[in-house]
Amino acid sequence: SPEDSLLTIHNPEDGLVQKEKSLTVTGRTIPDSYVVLFLNDAELIRQSDADGNFSFDTTLVDGSNLLVLQVLDNDGKIIRKERTVIVTSLYEEPP
């Protein structure tokens, strides 16, 4: 859909499993717009740059983490994408 092109998440992939609790969320959207990240109980706001790039440095919790990214398009419509990231100490990096 046309909205899909207005919000692209480069990192993380949905269903990512990792050991680390730190995660950088990156993506691209409408230039110079506000991007809101809802993560567990936190809400973070960043502004995309002139090319539409944005980045959030986040801290996850053990288990399942739901990340919801939202941006308002020029018509005031909310575009929303979700990612789930699992943090577990049992995860072993593939060789």
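Rules of the game
- Residues numbered from 1 in each chain as written.
- Predicted model: local features only at pLDDT ≥ 70, side-chain atom pairs only at ≥ 80, totals over all residues.
- Heavy atoms only, no water.
- pLDDT = per-residue confidence, 0-100.
- Helix = DSSP H or I, 4+ residues; strand = E, 2+ residues; numbered from the N terminus.
- Salt bridge = Lys/Arg side-chain N within 4 Å of Asp/Glu carboxyl O.
- Buried < 20%, exposed > 50% of the residue type's maximum accessible area, 1.4 Å probe, protein only.
- Core = buried A, V, L, I, M, F, W, Y, C linked by side-chain atoms within 4.5 Å.
- Contact = heavy atoms within 4.5 Å.
- Pairing = 2+ DSSP bridges.
- Phe/Tyr/Trp six-rings, centres within 6.5 Å; stacked < 30°, edge-to-face > 60°.

**Q** Outline the confidence of the model for the chain, listing residues and values.
**A** Residues at a pLDDT of 70 or more form 96% of the chain, whose mean pLDDT is 93. By mean pLDDT, the top-scoring element of the chain is strand β3 (residues 22-29) (98), and the lowest-scoring one is helix α1 (residues 2-6) (74).

**Q** Run through the pattern of salt bridges, naming residues and quoting values.
**A** Under the criterion given, the structure shown has 2 salt bridges. Taking the shortest distance from any N to any O, the salt bridge between lysine 21 and aspartate 62 comes out at 3.5 Å. Of this pair, lysine 21 sits in the loop between β2 (16-18) and β3 while aspartate 62 sits in the loop between β6 (53-59) and β7 (63-72); the two residues are 41 residues apart in sequence, bridging distant segments of the chain. In this structure lysine 21 comes out as partly exposed when scored by relative accessible area, which is 38%. The salt bridge involving glutamate 82 is made with arginine 80; its shortest N-O contact spans 2.8 Å.

**Q** Can you explain the nonpolar core? Please cite residues and give values.
**A** The tendency in soluble globular proteins is for nonpolar side chains to be buried side by side. Counting 16 residues, the largest nonpolar core has Val25, Leu37, Phe56, Leu67 and Leu69 as the members making the most contacts within it. Taken together, the elements giving at least two residues each to this core come down to β1 (7-11), β3, β4 (34-39), β6, β7 and β8 (78-87). Ignoring any residue separated from it by four or fewer positions in sequence, one finds leucine 37 in contact with Val25, Ala42, Glu43, Leu44, Phe56, Thr58, Leu67, Val68 and Leu69.

**Q** Describe the pairing of β7, and please don't skip the residues or the numbers.
**A** Two elements, β4 and β7, share 5 bridges in a ladder whose sense is antiparallel. When the bridges of β7 are listed, leucine 37 appears paired with leucine 69. Summarising the sheet, β7 and β8 pair through 10 bridges and their orientation is antiparallel. From the neighbouring strand, valine 68 faces β8, where its bridge partner is glutamate 82. Connecting β7 to the antiparallel partner β8 that follows it, the hairpin turn spans 5 residues, and glycine 76 within it adopts a positive phi of roughly 80 degrees.

**Q** With reference to specific residues and values, describe the packing of aromatic side chains.
**A** Applying the stated criterion to the full structure yields 1 aromatic pair. When the ring of phenylalanine 54 is compared with that of phenylalanine 56, the centres are 6.0 Å apart and the planes differ by 70 degrees; the resulting orientation is edge-to-face. Judged by relative accessible area, which is 0%, phenylalanine 56 ranks as buried.

**Q** So what about unusual backbone geometry? Which residues, and what values?
**A** Here the residue pair asparagine 11 and proline 12 is connected by a cis peptide bond, since its omega of 5 degrees sits within 30 degrees of zero. Its place among the elements puts proline 12 in the loop between β1 and β2. Although it is not a glycine, aspartate 32 sits at a positive phi angle of roughly 55 degrees. Its location among the elements puts aspartate 32 in the loop between β3 and β4. One non-glycine residue, asparagine 40, adopts positive backbone phi at about 50 degrees.

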